[in-house]
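These are the residues of each chain, in order.
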Amino acid sequence: MSETAAAARIERPAIFEERRDQIRRIGEGDFSMACNRDSLAGAVSQRACVFCGSRVVLYPIADALHLVHGPIGCAAYTWDIRGSLSSGPELHRLSFSTDLQELDVVFGGEKKLAKALDELIARHHPKAAFVYSTCIVGIIGDDLEAVCKAAGERNGIPVIPVQSEGFKGNKREGYLAACKAMRRLVGTGDVSDVSPLSVNIMGDFNLAGETWIIRRYMERMGVQVVAGITGDGRVDDIRRAHGAGLNLVQCSGSTQDLARMLRDDFGTPFIRVSWIGIEDVAESLYAIAEHFEARHPKLAAGMVERTAKLVREELAALMPQLAAIRRDLTGKRAAVYVGGSFKAFSLVKAFRHLGMEVAVVGSQTGTEEDYKELAAICSPGTIVVDDANPLELSAFIREKDVDVFVGGVKERPIAFKLGVGFCDHNHERKIALEGFEGMLNFAKEIHASVMSPVWRFVPRREAGLNRKDAEV
Ligand code: SF4
């Protein structure tokens with residue numbers, strides 16, 4: 001039976017009429033993607049709300065207090081759902097909420113918030129506090145700005161409101177709210193000891209030590225890191241972030257707004273980078289070195305050469321190990337559904353190094369430009385999807401009969417229910433997947449998942465949907 005015939009036996013997804021222009025198959029007509037719009041009500045989007053968008057960006061700031069002003073349910077999105085490692089303080093691992101109740105909704109939650117702030121600041125001595133607004137706070141109209149200002153004056157630390165009411169847009173709005181909150185800190189620290197050859201690492205959240213890998217590369221190149229924004233983040237570093245000579249923006253959605261603000265307000269240039277895969281990591285390192293050599297020829301002399309040495313050494317160690325893994329994985333297929341589209345680009349390329357094709361790819365927050373770039377590097381027939389829901393993802397995974405699904409915590413049950421291997425590239429990650437060593441970790445994990453004998457016994461294989469069986 002041909003693959004097409006096998007696919008035809010699978011029930012096609014019930015795609016909502018309103019979502020048809022957010023799903024594309026490469027090669028079927030001109031590529032244009034509707035995206036960056038509010039999720040369709042009732043479609044059970046995989047995408048998180050505005051509050052969650054700001055929470056994922058700000059929470060890795062490890063010496064800050066993070067207080068969710070809202071009902072307790074919003075605070076369920078805690079450190080332990082999405083981790084972020086710290087080399088020092090771990091205040092960010094504690095989740096606090098004002099736990100608004102009916103009476104607070106009727107009479108307002110401002111007093112409760114002020115009391116919570118005073119109590120928590122006295123107990124934990126944070127360097128700053130972020131107060132997250134949730135849907136209910138937006139509805140009852142608590143004056144977060146005024147409460148935070150007064151609490152900051154009383155307690156002598158910055159208390160920063162994050163205007164992240166869940167209903168006011170999509171997850172990207174949350175990123176913007178987080179960037180606006182951080183912008184209040186930037187510019188308030190002393191930068192007299194910051195070198196012109198310095199960077200802020202933006203858009204990496206140090207889920208499993210990735211920021212540390214990048215910091216080590218910067219050290220080897222002779223570049224000072226001023227702030228991790230926000231991986232292994234510190235309030236005092238963010239205060240000094242305007243002193244950096246260059247901003248490195250990974251995950252364009254989450255921190256690009258802050259990079260733009262720093263460019264406009266302090267003249268700091270930024271470049272987009274990706275720390276995932278082989279080409280993207282090497283290109284990012286070279287782009288940094290070339291930038292500094294062009295801007296500061298004397299000070300940065302030899303940086304490109306040092307970078308070339310670094311890349312050579314890393315590849316010499318990595319490539320032979322990848323070759324062995326590739327032998328087993330050639331011809332296998334993957335599906336990718338991630339938060340930001342930058343990760344999707346890099347993963348498509350990373351899978352090619354393993355001999356695998358990405359047959360389904362999507363993101364929660366990609367822009368039209370991102371999807372066009374993505375379409376340009378994917379093969380004909382690849383399904384590209386924006387702001388997907390579990391029904392669609394399940395149907396596409398079944399249709400393409402993929403061997404592994406890469407996503408975050410919300411995608412894991414979809415994969416396992418379908419009997420497909422899963423690689424968590426986000427929330428619950430414990431092994432770093434960035435940099436050259438991250439590529440090796442990724443390859444090993446994909447190999448272990450795809451080659452596991454357990455998949456022979458899952459229902460979809462028994463139902464005859466195995467590609468090899470179907471082709472016989
Ligand atoms: S902010 Fe609103 S949408 Fe987000 S978790 Fe809370 S109630 Fe839900």
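Before reading on, note that the structure itself is shown above.
What you are looking at is a predicted structure, and each value in this text was computed from that prediction instead of being measured.

Draft legend 1. Expanded view of the overall build of the protein. Within the protein, the regular secondary structure consists of 19 helices and 14 strands. Taken over C-alpha atoms, the radius of gyration comes to 23 Å for the protein, in line with the 23 Å a tight globule of 472 residues would show. Principal-axis analysis of the C-alpha atoms places the extent of the protein at approximately 75 × 65 × 40 Å. For the protein, the proportion of its 472 residues judged to be buried stands at 53%. Taking all contacts inside the protein whose residues are at least 6 apart in sequence as the whole, residues at least 24 apart take part in 74%.

Draft legend 2. Here's a closer look at the sheet that holds strand β1 (residues 23-25). Taking strand neighbours across the sheet as the criterion, the six strands line up as β1-β12-β11-β10-β13-β14 in an open arrangement whose pairing is mixed. Of all strands in the sheet, those with a lone pairing partner are β1 and β14 (421-424), marking the two edges. Averaged over all pairs of adjacent strands, the angle between strand axes in this sheet comes to 15°, irrespective of strand direction. Pairing of strand β13 (residues 404-407) with β14 involves four bridges; the strand directions are parallel. Following the sheet pairing, Val-406 is matched in β14 by Cys-423. Its contacts with the sheet put helix α17 (residues 435-450) on β13 and β14, and the angle it makes with β14 is roughly 155°.

Draft legend 3. Spotlight on the nonpolar core. Residues Ala-129, Val-131, Ala-334, Ala-335 and Val-336 are the most contacted members of the largest nonpolar core, which totals 138 residues. Leaving out residues up to four positions away in the same chain, Ala-334 has contacts with Phe-351, Met-356, Val-358, Ala-359, Val-402, Asp-403, Val-404 and Val-406.

Draft legend 4. Focus on unusual backbone geometry. In this model, Ile-229 is joined to Thr-230 through a cis peptide bond whose omega is 10°. Among the secondary structure elements, Thr-230 is positioned in the loop between β7 (224-229) and α9 (235-239). Of note, the phi angle at Asp-99 is positive, near 50°, even though the residue is not glycine. Within the secondary structure layout, Asp-99 lies in the loop between β3 (96-97) and α3 (102-107). Of note, Asn-206 is a non-glycine position whose phi angle comes to about 55°, a positive value. Of note, Asn-206 is situated in the loop between β6 (198-202) and α8 (210-221).

Draft legend 5. Examining the site of the ligand more closely. Neighbouring the ligand are the residues Cys-49, Phe-51, Gly-70, Cys-74, Thr-134, Cys-135 and Gly-166. Among the residues making up the shell around the ligand, the classes are represented as four nonpolar, three polar and no charged.

Draft legend 6. How the structure looks around the sheet that holds strand β8 (residues 246-249). With respect to topology, four strands assemble into an open sheet ordered β7-β6-β8-β9, the strand pairing being parallel. Edge strands, defined here as strands with exactly one partner in the open sheet, are β7 and β9 (270-272). Between one strand and the next, the sheet's axes are offset by a mean angle of 20°, whatever the strand orientation. In this sheet, β7 lies alongside β6 in parallel orientation, the contact comprising five bridges. Across the sheet, Ile-201 pairs through a bridge with Gly-228, a residue of β7.

Draft legend 7. Region of interest: the pairing of strand β12 (residues 383-386). Side chains Ile-383 and Val-385 of β12 all project onto a buried face; the interleaved residues Val-384 and Asp-386 project onto the opposite face, where all are buried too. Bridge count between β1 and β12: three bridges; the pairing is antiparallel. Among the inter-strand pairings, Ile-23 is bridged to a residue of β12, identified as Val-385. The parallel pair strand β11 (residues 357-363) and β12, bridged by helix α14 (residues 368-377), forms a crossover whose chirality is right-handed.

Draft legend 8. Up close: α14. Among all positions of α14, only Asp-370, Tyr-371 and Leu-374 are buried. Down the axis of α14, the buried side of the element spans an arc of 95°, and every buried residue falls inside it. Turned more than 90 degrees from where α14 packs its buried face, Glu-369 and Ala-376 sit exposed. Against α13 (341-353), β11 and β12 lie the buried residues of α14.

Draft legend 9. Molecular detail of the packing of α8 against α17. Contact geometry of α8 with α17 gives a least axis separation of 8 Å together with a crossing angle of 140°. One element, α8, and the other, α17, form an angle in the oblique class. From α8, Glu-210, Ile-213, Ile-214 and Tyr-217 reach across to α17, where they touch Gly-435, Glu-437 and Gly-438. A breakdown of the residues in the contact of α8 with α17 according to their chemical character gives three nonpolar, two polar and two charged.

Rules used throughout
- Along each chain, numbering runs from 1 in the same order as the chain's sequence is written.
- pLDDT decides what is reported in this predicted model: residues at 70 or higher carry local features, side-chain atom pairs at 80 or more are listed and counted, and totals for whole chains, interfaces and linings draw on all residues regardless.
- Secondary structure elements follow DSSP: runs of H or I of four or more residues count as helices, runs of E of two or more count as strands, with numbering from the N terminus.
- Throughout, radius of gyration means the C-alpha value; the globule benchmark is 2.2 Å times the number of residues raised to the power 0.38.
- Working definition of burial: number of other C-beta atoms within 10 Å of the residue's own, with buried at 20 or more, exposed at 12 or fewer, and partly exposed in between, all C-beta atoms being placed from the backbone.
- Any two residues are considered in contact once their C-beta atoms, placed from the backbone, lie within 7 Å.
- Pairs of strands are assigned from DSSP output, requiring at least two bridges between the strands.
- Note on definitions: angles span 0 to 180 degrees between N-to-C directions of axes, and those axes are lines fitted to C-alpha atoms, for helices only across the stretch in contact.
- A set of buried residues drawn from Ala, Val, Leu, Ile, Met, Phe, Trp, Tyr and Cys, joined through C-beta atoms within 7 Å, is what defines a nonpolar core.
- We call a residue near a molecule or strand when the C-beta position, derived from backbone atoms, sits within 6 Å of it.
- Charged residues are taken to be Asp, Glu, Lys and Arg, nonpolar residues to be Ala, Val, Leu, Ile, Met, Phe, Trp, Tyr, Cys and Pro, and polar residues to be all remaining types, Gly included.
- Here is how to tell: hold the view so the strands point away, follow the path from the first strand over the helix to the second, and if it runs clockwise the crossover is right-handed.
- Directions from the helix axis toward the C-beta atoms define the arc.
- Any angle that is under 35 degrees is reported as roughly parallel, and any over 145 degrees as roughly antiparallel; angles of 65 to 115 degrees are reported as roughly perpendicular and all others as oblique.

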